[in-house]
Structures are given as C-alpha cells and as structure tokens.
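Breakdown of the fold
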Amino acid sequence: MGTTAKKQHSRSQRAFERGREILVGGVNSPVRAFGAVGGVPLVVDRAQGAQIWDVDGNAYLDFVCSWGALILGHACPEIAAAIADQAKRGTSYGMTTELEIELAEMLQRALPSLERVRFVSSGTEATMSAVRLARAATRRDFIVKFEGGYHGHGDSFLTKAGSGLATLGIAASPGVPQALAELTLDAPYNDLAAVERLFAKHANAIAAVIVEPIAANMGVIPPVEGFLAGLRELTRRHGALLIFDEVITGFRLCFGGAQTLFGIEPDLTTLGKIIGGGLPVAAYGGRRELMEQVAPLGPVYQAGTLSGNPLAMRAGIETLKQLSAPGFYDALDRKAAMLADSMRQALSDAGIEGHVARAASLLTLFFTAGPVEDYAAAKKSDTHLFASFFHEMLQRGILLAPSQFEALFVSAAHSDDDVRRAAAACRESLAAIRS
Ligand code: PMP
C-alpha cells in the first residue's frame, strides 16, 4: 500500500522553477505542467517497469506510461539492449535501412489495410500527412473530425479538440488562419446523423473523415454500435476517405488496431506511440494507389531527416515481437478489467457519482454518471473533483494523467499486486474526497 505520509517535492519544485526560466511554462508539452490539477509537476529522474521516480526520490506506480507509448513498461530490457546495440552501429544515416522494411512488414502483417507505409517521427506528422494526401487524392478541401478528438497539433485539428486543449479549455488555437479552420468540420462523436448532415451540406467537398476509432483524448469513449461501420458506409457513398487515427489504439487493443477488432477497413491509418517502443516513431499508410501519390512516386510532398530512424526502428521491432506473444493481450485485458471493476466498486462504496469507461487497457474514471458517449457528456465530469482525486492518488504513490480528458494506461509491466495497490489507493482516495 502506498504511503500517505506527505511527500517531499523540494528538488522537483526547484527544478521546475529553473525550467520555467528557459522552457515555455517549464515544459515541452502543455499537459505536463499540471495546469488542470495544480501542484508541483513531476520532474522525473528515472523509471523501470511500472515504476517512475521523481528527482526527490518519490516512487510512483505509473499509469501514464508515456501517454500510452509504453505498453511494455519502462526500460524493458530487450528494448534497451536493442537500442544500445544499434547506438554502436550508428544512430541515424539519412538513408534506407533493412530495419524500416522489417518494421513496415510487421505492421502490414498485423494491419492488412496498410498496403504501403511511410514512417514519420510523431503522430502529428502522421495525421497532417494523411490529411494532405486525402485532400490531394480527392481534390477536395474539407475534412470532418469529431469534437473532443485529438489528432496532434496540426493546424487543421485544433478546433474543439480533446487532450491538452480540452484540459486547458482552448476552444480554437490562435495562429491558425481562419480560411484553414473553416475547412475543418466538427461533429459530435458517436453521432452518425450529424456526419450525414455535414455530407449533405458540403456535397462533393469533403475529402476525409478522421476519427479515433475508440476516442481516448476526451477520456475514453468507445464507439456505439454501428458508428464506425456507418462512417465507412457514409464516406464510401460520398466519395470521401476514411482515416482511422490509431495513434493510441494501434497495438493497444490487440495485435493490430481497432480496425482489426471491429472488422472495418479504413482507407488510411495513422499509427504512433506503441510502434516506436518509447522512441519517436509514427506512421501513416493505407491503400496502395493512395499512398503511391506520395513523393517520390507521386507529387504529394512529405519528408523527414530522422524518419525511419534506426534506433527507433529497433525499439519498434522489439516491441512488436513481444506483443505478438500468445496471450499477451488477454493478460493485459484481465488486469485492466480487474482495475476497472474495483474502481466501480470503490465509487459505489464511496457513494460518488461516477462512470468508469474501459476499452481493453485504456480506462477513464469520469466524475459524472454514465453513459458518456460524446465530448458534451465528458465535459460534464466534475474536473475539480478529478483534481482532488488525482492528488490523493499521487500522494498514495499512483501517477495518473494530470487531466480528466486523458486515458489511464495499464501496461504489461503492471503486476496483479500493482493493480491491487492502485485499487486500494483508489478506494482510499475516493473516500478522502467524499465530503
Ligand atoms: N492522434 C492521437 C489519437 C493522439 O492521441 C495523439 C497524441 N496523444 C496524436 C495523434 C499526436 O501524436 P504526437 O503527440 O506524437 O504528435
């Protein structure tokens, strides 16, 4: 059981204050600043397995896991060894390697819709590039996305977005030209009729619908029955492309993506996080005749100095090898179910109105009664209560994402004991915030 003795954060505090004098807001990605929950942001020293230590020596059980990238936990020995070995052979060549081909083949075997693949270095690059390609291929300009969805920080994706924008209450980012923002159409998640209305209003002008097949950036919201199949049918009928943004769901739910689980074939797919084993890798891919419009075969330009980086490819290959072990996902699912069930029980015992959403090893505890099927419902969650819950958990040695609008990630490195510890901390934390 985690200790409730007050933790010391003096070194973290000093480091964060020093960082604030040079890094914007003391961070390199906004949510890390703990803006929505307050308190001293975590300044990390090291991590191993499911544990992460701050510079004050406090240990936490980590359910952020680098925002879902680390499905095998921190510093997985095989991945660390592969990276170390590769580092001796060179860290970047700016030329093709067999490693890129090997990882791409592994992705294709798991996701047959990826007839051709292009590696990039971040999820943002993958989604931006997929949309550029969709616009070029259809010769149309509008895209449809969903309120509360997050597809990285590309200019076209910053309206009514989830993740950090939801956390900070930024409805639309300045700096995006109005003319471009107007080409992004937003619909409520899980609302097929709304998408149909957009197609009716913008006939023959919508290039693509981009969707997180399981929403995980407004908290976790699974698709309702028929939603994804409906999007597939609607996009086909209207000559638009369907882009599955599987940056979070890729290799998170099963060895493949949400498309594998739901049996739906998108035209284009974006991947990131897990496929890089904790190094900066993402990818986009899809039907051959579409992808072959990308340079050098076609005129749609997209490139990257570090794309297909060999260190990152080695980490990705090693990760996928481990994920393909029989029973890997069943074990993860069982632990996540155990955690979700005990959170539900703890809510009910504490008499707190809440809803635990789970899709495989993605979880969110919303402080609002279910069902939560779209961003409007997610936003009803009591974020002040979440902030108190977050700090009670942190005090008990459990690190959650510092935002209501993110997922909790269970990794293979979390043992049954770890899950029991988190469940006990959850019970105590909910009791502590009930008042
Ligand atoms: N798409 C989704 C679904 C994401 O969750 C994220 C990041 N959390 C991105 C795209 C952007 O990826 P990155 O942060 O690597 O740019």
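On a predicted model such as this, the values are computed, not experimentally measured, just so you know. (Residues numbered from 1 in each chain as written. Predicted model: local features only at pLDDT ≥ 70, side-chain atom pairs only at ≥ 80, totals over all residues. Heavy atoms only, no water.)

Moving on to the site of the ligand. If you check the shell around the ligand, you find S122, G123, T124, Y150, H151, G152, E212, N217, D245, V247, I248 and K273 and nothing else. In this structure, K273 approaches the ligand through a side-chain N or O atom, which is 2.9 Å from a nitrogen atom. In the complex, 81% of the free accessible area of the ligand, which totals 390 Å², lies under the protein chains. Along the lines of polarity and charge, the residues of the shell around the ligand split into three nonpolar, six polar and three charged. (Near = heavy atom within 4 Å. Polar contact = N/O pair within 3.5 Å; in protein donor to acceptor, adjacent residues only side chain to side chain. Areas by Shrake-Rupley, 256 points an atom, 1.4 Å probe, with all protein chains shown as cover. Nonpolar A, V, L, I, M, F, W, Y, C, P; charged D, E, K, R; others polar.)

Strand order in this open sheet of three strands is β11-β12-β14, and the pairing throughout is antiparallel. On the outer flanks of this sheet lie β11 (355-359) and β14 (408-409), each paired with one strand and no other. With five bridges connecting them, β11 and strand β12 (residues 362-366) associate as antiparallel partners. Paired with R358 across the strands is L363, a residue of β12. (Pairing = 2+ DSSP bridges. Helix = DSSP H or I, 4+ residues; strand = E, 2+ residues; numbered from the N terminus.)

Glancing now at helix α14 (residues 383-395). Because an α-helix packs 3.6 residues into every turn, residues spaced three or four apart end up facing the same way. Here α14 contains 13 residues, and its C-alpha end-to-end distance of 18 Å stays within 8% of the 18 Å for a straight helix at 1.5 Å per residue. Taken as a whole, α14 has its buried residues at F386, A387, F389, F390, M393, L394 and Q395. In the stretch just after α14, G397 is the one whose phi turns positive, near 85°. (Expected span 1.5 Å × (residues − 1). Buried < 20%, exposed > 50% of the residue type's maximum accessible area, 1.4 Å probe, protein only.)

Turning our eyes to something else, we now look at the environment of C254. Take C254: it is sitting in the loop between β8 (241-245) and α9 (258-262). Residues contacting C254, with those up to four places away along its chain left out, are T260, L261 and Y329. (Contact = heavy atoms within 4.5 Å.)

This part covers the domain arrangement of the chain. The domain architecture assigned to the chain consists of domain 1 (10-63 + 327-434) and domain 2 (77-323). Once you take the C-alpha centre of each, domain 1 and domain 2 turn out to be 26 Å apart. Taken together, the 27 residues of domain 1 in the interface contact 29 residues of domain 2. Summing both sides of the interface, domain 1 and domain 2 together bury roughly 2200 Å²; the carbon and sulfur share of this comes to 66%. At the boundary of domain 1 with domain 2, the tally comes to zero salt bridges. Remark: the boundary between domain 1 and domain 2 carries eight residue pairs in polar contact (both at pLDDT 80 or more). When residues of the side of domain 1 that touches domain 2 are traced back to their parent elements, those giving at least two are α12 (328-350), β11, β12 and α13 (375-378). Looking at the side of domain 1 that touches domain 2, the element that brings in the most residues is β12, giving four residues. (Domains from an automatic or database assignment. Buried area = accessible area lost by both parts, 1.4 Å probe. Salt bridge = Lys/Arg side-chain N within 4 Å of Asp/Glu carboxyl O.)

Moving on to the packing of α14 against helix α15 (residues 416-433). How two helices pack is summed up by the angle between their axes together with the distance between the axes. Packing of α14 against α15 brings their axes to within 9 Å, and their N-to-C directions diverge by 130°. Taken together, the axes of α14 and α15 lie oblique to each other. Regarding α14 and α15, the two cross each other, and that crossing is right-handed. Contacts from L385, S388, F389, E392 and M393 of α14 reach α15 at A422, A425, C426, S429, L430, A432 and I433. When the residues that make up the contact of α14 with α15 are grouped by side-chain class, the tally is nine nonpolar, two polar and one charged. (Axes fitted to C-alpha atoms, helices over the stretch in contact; angles between N-to-C directions. Parallel < 35°, antiparallel > 145°, perpendicular 65-115°, else oblique. Left-handed = near helix turned anticlockwise from the far one by under 90°.)

A general trend in soluble globular proteins is that nonpolar side chains are found buried together. Grouped together as the largest cluster of nonpolar side chains are 66 residues, with contacts concentrated most on F251 and L430. Tallying contributions element by element places α12 first for this core, with 10 residues. Here this core spans two domains, and each of domain 1 (10-63 + 327-434) and domain 2 (77-323) adds at least three residues to it. Residues within four places of F251 in sequence aside, it is in contact with I71, L107, A110, L111, G256, I274, I275, L320, L323 and Y329. (Core = buried A, V, L, I, M, F, W, Y, C linked by side-chain atoms within 4.5 Å.)

Here the focus is the layout of surface pockets. Of the voids in this model, the second largest pocket is the one considered here, and its volume is about 680 Å³. Looking at the second largest pocket, it is lined by 24 residues, and the ones nearest its centre are E100, V117, R118, F119 and P296. Of all elements in the fold, only α3 (98-110) and β4 (116-120) reach the threshold of two or more residues within the lining of the second largest pocket. In terms of residues, the lining of the second largest pocket owes the most to one element, α3, which gives five residues. Classifying every residue of the lining of the second largest pocket by side-chain character gives 11 nonpolar, seven polar and six charged. (1 Å grid on protein atoms, 1.4 Å probe; cavity = no way out; pocket = protein on both sides within 12 Å on 5 of 7 lines; lining within 4 Å. Points joined across faces, edges and corners; volume = space filled by probe spheres on them.)

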